[in-house]
Amino acid sequence: QVQLVESGGGLVQPGGTLRLSCAASGSIFSIAAMGWYRQAPGKQRELVATITDSGSTNYADSVKGRFTISTVNAKNTVYLQMNSLKPEDTADYYCNADVLITQWVRRDYWGQGTQVTVSS
């Protein structure tokens, strides 16, 4: 089994910054990719940013230039640096990991979510 533990959410004023962290642990052979998704009240979950084991990144258009995803592969940890936050960034943020639990078995895991509220 694999666990993803997120931290770093909270309340911040518009224009502020937050840094989310997500650490993966458990039966991990390797991690192919990690990412962050978010879900605002009444809306569907949407991609925020992803990063592969080779370092390739992908961002939602709404966060490009403001958010940065990074990893510490040796620690199976992914970060999301969020700058210039806007009220529309308010959502529950979920960590995702595409994990090889053996050389041939690949599974998708989700964290429990961390709340980000951007408000004055």
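Scroll up to find the structure.
Going along each chain's sequence as written, the residues are numbered from 1 onward. For a predicted model such as this one, the threshold for reporting local features is a pLDDT of at least 70, and the threshold for listing and counting side-chain atom pairs is 80 or more; totals across whole chains, interfaces and linings nevertheless cover every residue. Each side-chain value is worked out from all heavy atoms of the structure, with water and hydrogens disregarded.

Looking at the overall build of the protein
We apply this condition: The helix count covers DSSP runs of H or I at least four residues long, the strand count covers runs of E at least two residues long, and both are numbered beginning at the N terminus. C-alpha atoms define the radius of gyration in this analysis, and the globule rule sets the expected value at 2.2 Å times the number of residues to the power 0.38. Relative accessible area decides the class of each residue, using a 1.4 Å probe on protein chains only: under 20% of the type maximum gives buried, over 50% gives exposed, and in between gives partly exposed. We call two residues contacting when some pair of their heavy atoms lies within 4.5 Å. Areas reported here follow the Shrake-Rupley algorithm with a probe of radius 1.4 Å; residue values treat only the protein chains shown as occluding. Counted charges follow a simple rule, with Lys and Arg positive, Asp and Glu negative, and His plus the chain ends left uncounted. The atoms used to mark charge sites are NZ of Lys, CZ of Arg, CG of Asp and CD of Glu.
Assigned secondary structure in the protein consists of zero helices and eleven strands. Along the protein, from the amino end to the carboxyl end, the secondary structure elements read β-β-β-β-β-β-β-β-β-β-β. A compact globule built from 120 residues would reach a C-alpha radius of gyration of about 14 Å, and the protein, at 14 Å, matches this within 12%. Each principal axis of the C-alpha atoms in the protein carries an extent, and together these give about 45 × 25 × 25 Å. Relative to its 120 residues, the protein shows a buried fraction of 41%. Taking all contacts inside the protein whose residues are at least 6 apart in sequence as the whole, residues at least 24 apart take part in 54%. A total accessible area of about 6,500 Å² is found for the protein, and carbon and sulfur atoms account for 46% of it. Distance between charge centres in the protein, computed from 10 positive and 9 negative side chains, equals 3 Å.

A few points about the pairing of strand β5 (residues 46-52)
This is how it is decided: Only strands joined by at least two bridges in the DSSP assignment are considered to pair.
Pairing between strand β4 (residues 30-39) and β5: six bridges, direction antiparallel. Opposite glycine 35, over in β5, you have threonine 50 as the bridge partner. A loop of six residues connects β4 with β5, the two strands running antiparallel in sequence, and glycine 42 in this loop sits at a positive phi of about 75°. Judged from the three bridges that link them, β5 and strand β6 (residues 57-59) form a sheet pairing that is antiparallel. Bridging from a neighbouring strand, isoleucine 51 pairs with threonine 57 of β6.

With respect to the environment of aspartate 61
Using the following cut-off: Polar contacts, as counted here, are pairs of nitrogen or oxygen atoms within 3.5 Å of one another; within protein the pair requires one atom able to donate a hydrogen and one able to accept it, and residues that are adjacent in sequence qualify only if both atoms are side-chain atoms.
Here aspartate 61 is to be found in the loop between β6 and β7 (67-72). Along the backbone, aspartate 61 and valine 72 are eleven residues apart, and their C-alpha atoms lie at a distance of 24 Å. Separated by 3.1 Å, the side chains of aspartate 61 and lysine 64 make a polar contact.

A word on the state of the cysteines
Put simply, the rule reads: Here, a disulfide means two cysteine sulfur atoms that sit within 2.5 Å of each other.
All chains considered together, the criterion is met by one disulfide. The disulfide partner of cysteine 22 is cysteine 95, and the gap between their sulfur atoms is 2.1 Å. Here the disulfide of cysteine 22 and cysteine 95 is left-handed, its torsion about the S-S bond being about -80°. Of this pair, cysteine 22 sits in strand β3 (residues 18-26) while cysteine 95 sits in strand β9 (residues 91-100), and the two are 73 residues apart along the sequence. Residue cysteine 22 shares its accessibility class with cysteine 95, and that shared class is buried.

In short, geometric facts, not functional conclusions.
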